[in-house]
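Structural description and commentary
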Amino acid sequence: MTRLASSSIEFSRLGICIQLGNSSSQPSLLNVLPEEEFFARQADVQRLFHAGLDVARGLQSSCFLSGPRKSGKTEILKRAYNRLFWEQDAVIPFFHALPKSITSAEVFCREYFLSSALQCIGFLRKDARLLISEEHDLNRIVQLAYESKLSWLTDAFDHFHQFTKNKDLQALSRLAILFPSSVAARTGLYAFVFVDNFHHLSSLASPVEMSLLTAHFLQALESRQAPHCLAGASKPLFQSLFRTAELPGCVEVMPLRSLQAAEAKELLERLCHRFDVGLEAELSHFIVRQLDCNPFYIRSMLQTARRESTGLSSARQFAGLYSSELVEGSLQLYFSSLLHSAQLNAIERIKALEFLRFCAHAPLEFAALHYLKGREMSEGVDFEAVLNALAALGLIDYSFGVVSALQDPVLRDWVEWNFSHKVAGTELSRVHFDLSSGLLKKFGQALQSRQQTDVLASMKAVLQAMNCQSVPRAWLSYAEFVRSKEFGGAAKQPALHEGEVVLPEVISLTVLSSVSSPGGDFLGGLVIARGFERGLYSDDMETAWLAGFVTGAAGLDEVQRFYRRCEVTGRQEGLKRAQLWLVAEERFNQAALSFAEAQGIFSSNLEQLKLLAHEVVMEQEPVQEPEEAEALLTYEMTIPMSADSELVAVRALEQIADSSAFNEKSKGQVRMALMEACINIKEAVASEAGRIHLSFKTASHRLVVHLRAEGRIGAETDPVQAWGMKMLRTLMDDVRLRRTAQGFELVMTKHLPAAANAKSEAV
């Protein structure tokens, strides 16, 4: 049952009606984006909508919607308010967007109160027209209250008039901010209050008036009948408004995640289609990464492209558009106005820009901050004011004496060009050139990195699919591969045993990032594939493959660095035996091949890798049961991981085995193998919450047992050891692990003695 349906049941018990109509068919109450431009945030709107419904059940307290700058918080609040207005009758929604500049507490309270009153009347009458007007005429609102026969509301207007006349700011602030709580008490309904841009409250010049408003907001946040949902630029500012080291206890943080790359890519493509802007498909991934997957940046770029009748059909087009937008477009205007909104003088803003430039390259530790503070204090600059202003704007993350490096690539570029032009005096034409050329260089590096990622993915697929296949040695030896091509092609031909390589059965795969090693770093990831030779699960047959990739041609230096890194990794991982395999984008020179052959390193280029992938991955058939002349009888059961639960499975097995022609010795071996497997996996999972799924398949000459554990096995646990494979091999004729979507499955086969003897004689 969905959460909305369960909420509907609860509300029906309370005698409350919820309208489950489609909000998209109702007129929008607030100025929201067109549906074509709003994407990937529906789940967040749904979550906030359900939070509003939960108010009527006493489950929702006040919350703070936390998210990066320009990540879509305002749009989410508006859409959640729109749904609460049209789709239910239990909770009265309120929406307030605080202006950037608040001149006085009295003006704020007047607008806040009149807007709340008008929204209350509009919801009770379900009249959206009352909410469209931004003008708040007191006489008109009072008349609406009389017409709606809301006597308690007319009393509130009398109090408002009296408090305003007497200049009683304390009472006026209480009336305005706690009005939703009063509405909930008077109507018997509930209220949910959205307050957007709450940080703008800090623009109030008078500390006394700000303290008065924040005190009443803090009181309002404690209400369970009318909780608030606040959204703002930064949590530190939210904390400072209430003068506390942490968020008030009555407020829960509701984090808003950033758009994922795939979501931002789809948003970019939809906007290009909507604005009729050409887009090169190969560029879309790079563009959204450069724009930090930020919907505001993406819309700004597309609107500029539409206005200038240009497109994103090449990297050079995007670089030119990006440079123009950042230097003289809407992004320049946004960042510039953001920095100027801070209460800093001209010198402090220059120092703020210099400070941001430091953060664009590396995090500033305490020692660096201490140095800068000492220098700037000698110049008469209030260092703490600069630091606090940047943190309040959400431009830096400052805590524990450390400022984190800027992660936003757009902000980094904006800071860099502003500093170089406005502080260092670089010509604007040079700024444009540096931005464009830097972006094109980054695009080239991204293409190379993407190729490395694709190759690494192919290598992982080959390694993971290894299951005792036999492949030509030439596919793992660049020298032999070149010679085979010279003699008529590299297709797989019937070969002698020594001309082929039998791959191991790989059980697990691990990818390591770049690690320092003597003589330098080996660039690119290193893949460790652990398994067993010929599928025999014993200490002597345990092995590992260490695979790496180098771009371009592989010379002696690249192969030696790969070898040194593998040596370090082998010692760190405690590998008993290891086979090294290096893949090069192009070719291996003779010195590299000589060293590789001397050290037993397999060498392949991309063509050899493609052949391996086709043989090992593309044509790999899933493990299937051998075809039977007669149908297999299948019995399935599930047991818990509680103590002695394996005895239930053993009892079922005995009943099944009695119907087959197994002798007592074979029955005893199968019984012991089943108990061993169940006990071992229960110890590995170590949780009574999990279950073991079993199936027994019988034919006239064999019995096949499938076991799959439901529960979490620790990442450090070897699945072979977890199942006790070595012991099981001595009891059953065939034991193997199969990977499934639900995890590893153990498959054990026992043949009838007659069938087994016939099989051995045939061999």
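Just above sits the structure.
In what follows, the accompanying structure is described. Predicted model, so just to flag it, every value in this text is computed and none were measured.

Turning our eyes to something else, we now look at the overall build of the chain. Looking only at helices and strands, the chain features 30 helices and 19 strands. Looking at the 763 residues of the chain, the share that counts as buried comes to 48%. Put simply, 74% of the contacts in the chain that link residues at least 6 apart link residues at least 24 apart.

For the rest of this paragraph, the subject is the side chain of serine 323. As for its position among the elements, serine 323 is in helix 15 (residues 315-328). Looking at serine 323, its side chain comes within polar contact range of the side chain of histidine 432, at 2.7 Å.

Another aspect to go through is the side chain of arginine 79. Turning to its location among the elements, arginine 79 is positioned in helix 3 (residues 73-87). Setting aside residues no more than four positions away along its own chain, arginine 79 makes contact with Val32, Leu33, Pro34, Glu35, Phe38, Gln42 and Val45.

Attention now moves to the sheet that holds strand 2 (residues 91-97). Within the open sheet, the 5 strands sit side by side as 2-3-4-1-5. Their pairing is parallel. In this open sheet, the two strands that pair with only one neighbour each are strand 2 and strand 5 (251-255). The average angle at which neighbouring strand axes cross in this sheet is 20°, direction not considered. Inspection of the sheet shows strand 3 (residues 190-196) paired to strand 4 (residues 228-231) by 3 bridges, in the parallel sense. Residue pairing for strand 4: phenylalanine 194 is matched across the bridge by cysteine 229.

Below, the discussion takes up a nonpolar patch on the surface. The grouping of Ile347, Ile350 and Val423 at the surface amounts to a nonpolar patch, some 250 Å² of accessible area in total. Assignment of secondary structure puts isoleucine 347 in helix 17 (residues 346-361).

Here the focus is the sheet that holds strand 11 (residues 526-532). Pairing in this open sheet of 5 strands is mixed, and the strands run 10-11-12-13-14 from one edge to the other. Each of the sheet's edge strands pairs with one partner strand only, and the pair in question is strand 10 (505-512) and strand 14 (602-605). Geometrically, the sheet is characterised by an average inter-axis angle of 20° between neighbouring strands, direction not taken into account. Direction of pairing for strand 11 relative to strand 12 (residues 542-550): antiparallel, over a ladder of 7 bridges. When the sheet's bridge partners are listed, glycine 531 is paired in strand 12 with threonine 543. Against the sheet, helix 23 (residues 556-573) engages strand 10, strand 11, strand 12 and strand 13 (578-584), with an angle of about 55° to strand 11.

On to the pattern of salt bridges, then. Between side chains of opposite charge, a pair can form as their charged atoms come close. All chains considered together, the criterion is met by 24 salt bridges. As a salt-bridge pair, aspartate 127 and arginine 129 come within 3.1 Å of each other at their nearest N and O atoms. Residue aspartate 127 is classed as buried on the basis of its relative accessible area of 11%. Here glutamate 416 makes a salt bridge to arginine 357, at a shortest N to O gap of 3.3 Å. Note that glutamate 416 is positioned in helix 20 (residues 409-423) and arginine 357 in helix 17, a separation of 59 residues in sequence.

Tracing the chain through its elements places glycine 320 in helix 15. For glycine 320, a relative accessible area of 36% puts it in the partly exposed group. Spatially, the C-alpha atom of glycine 320 lies 8.9 Å from that of phenylalanine 433, the residues being 113 residues apart in sequence.

Before going further, it helps to spend a moment on the pairing of strand 13. Of all the 7 residues making up strand 13, 6 are buried; the element is thus mostly covered by neighbouring parts of the structure. With 7 bridges joining them, strand 12 and strand 13 adopt parallel strand pairing. Residue pairing for strand 13: leucine 546 is matched across the bridge by leucine 580. Summarising the sheet, strand 13 and strand 14 pair through 4 bridges and their orientation is parallel. Its bridge partner being in strand 14, valine 583 is matched across the sheet by serine 604. Considered for its hand, the β-α-β crossover made up of strand 13, helix 24 (residues 590-599) and strand 14 is right-handed.

What follows deals with the nonpolar core. One finds Phe108, Phe113, Leu153 and Phe194 to be the most contacted residues of the largest nonpolar core, which totals 77 residues. Broken down by element, this core gets its largest block of residues, 11 residues, from helix 4 (residues 105-125). If we ignore the near neighbours within four places in the chain, the residues touching phenylalanine 113 are Ala156, Phe157, Phe160, Leu175, Ala176 and Phe179. In terms of nonpolar packing, the next biggest core, distinct from the first, is built from 64 residues, Ile298, Leu353, Ala391 and Val415 among them.

Looking now at the packing of helix 20 against helix 21 (residues 428-465). Relative to each other, helix 20 and helix 21 sit at 150°, their axes nearing to 10 Å. Taken together, the axes of helix 20 and helix 21 lie roughly antiparallel to each other. Seen along the crossing, helix 20 lies across helix 21 with a hand that is right-handed. Of the residues in helix 21, those in contact with Asp413, Trp417, Ser420 and His421 of helix 20 are Leu428, Val431 and Leu435. Split by residue class, the contact of helix 20 with helix 21 holds 4 nonpolar, 2 polar and 1 charged.

Taken as a whole, this structure holds 25 aromatic pairs when the rule is applied. Considering the side-chain rings of phenylalanine 108 and phenylalanine 217, the 6.4 Å spacing of their centres and the 55° angle between planes classify their relative orientation as tilted. Here the residue phenylalanine 108 occupies a position in helix 4, and phenylalanine 217 occupies one in helix 10 (residues 207-221), the gap between them amounting to 109 residues. Among the residues examined, phenylalanine 108 registers a relative accessible area of 7% and is labelled buried. Ring centres of phenylalanine 198 and phenylalanine 217 lie 5.2 Å apart, and the angle between their planes is 90°; this geometry places the pair in the edge-to-face category.

Along the chain, serine 324 falls in helix 15. For serine 324, a relative accessible area of 15% gives the class buried. Between the C-alpha atom of serine 324 and that of threonine 304, which follows or precedes it by 20 residues, the distance is 9.2 Å. For serine 324, the residues in contact, after removing those within four places along its chain, are Glu308, Gly329 and His432.

The rules behind each value
Residues numbered from 1 in each chain as written. Predicted model: local features only at pLDDT ≥ 70, side-chain atom pairs only at ≥ 80, totals over all residues. Heavy atoms only, no water. Helix = DSSP H or I, 4+ residues; strand = E, 2+ residues; numbered from the N terminus. Buried < 20%, exposed > 50% of the residue type's maximum accessible area, 1.4 Å probe, protein only. Contact = heavy atoms within 4.5 Å. Polar contact = N/O pair within 3.5 Å; in protein donor to acceptor, adjacent residues only side chain to side chain. Pairing = 2+ DSSP bridges. Axes fitted to C-alpha atoms, helices over the stretch in contact; angles between N-to-C directions. Patch = residues over 30% accessible without salt bridge, like charges linked within 9 Å, V, L, I, M, F, W, Y side chains within 5 Å. Areas by Shrake-Rupley, 256 points an atom, 1.4 Å probe, with all protein chains shown as cover. Salt bridge = Lys/Arg side-chain N within 4 Å of Asp/Glu carboxyl O. Right-handed = clockwise from strand over helix to strand, strands pointing away. Core = buried A, V, L, I, M, F, W, Y, C linked by side-chain atoms within 4.5 Å. Parallel < 35°, antiparallel > 145°, perpendicular 65-115°, else oblique. Left-handed = near helix turned anticlockwise from the far one by under 90°. Nonpolar A, V, L, I, M, F, W, Y, C, P; charged D, E, K, R; others polar. Phe/Tyr/Trp six-rings, centres within 6.5 Å; stacked < 30°, edge-to-face > 60°.

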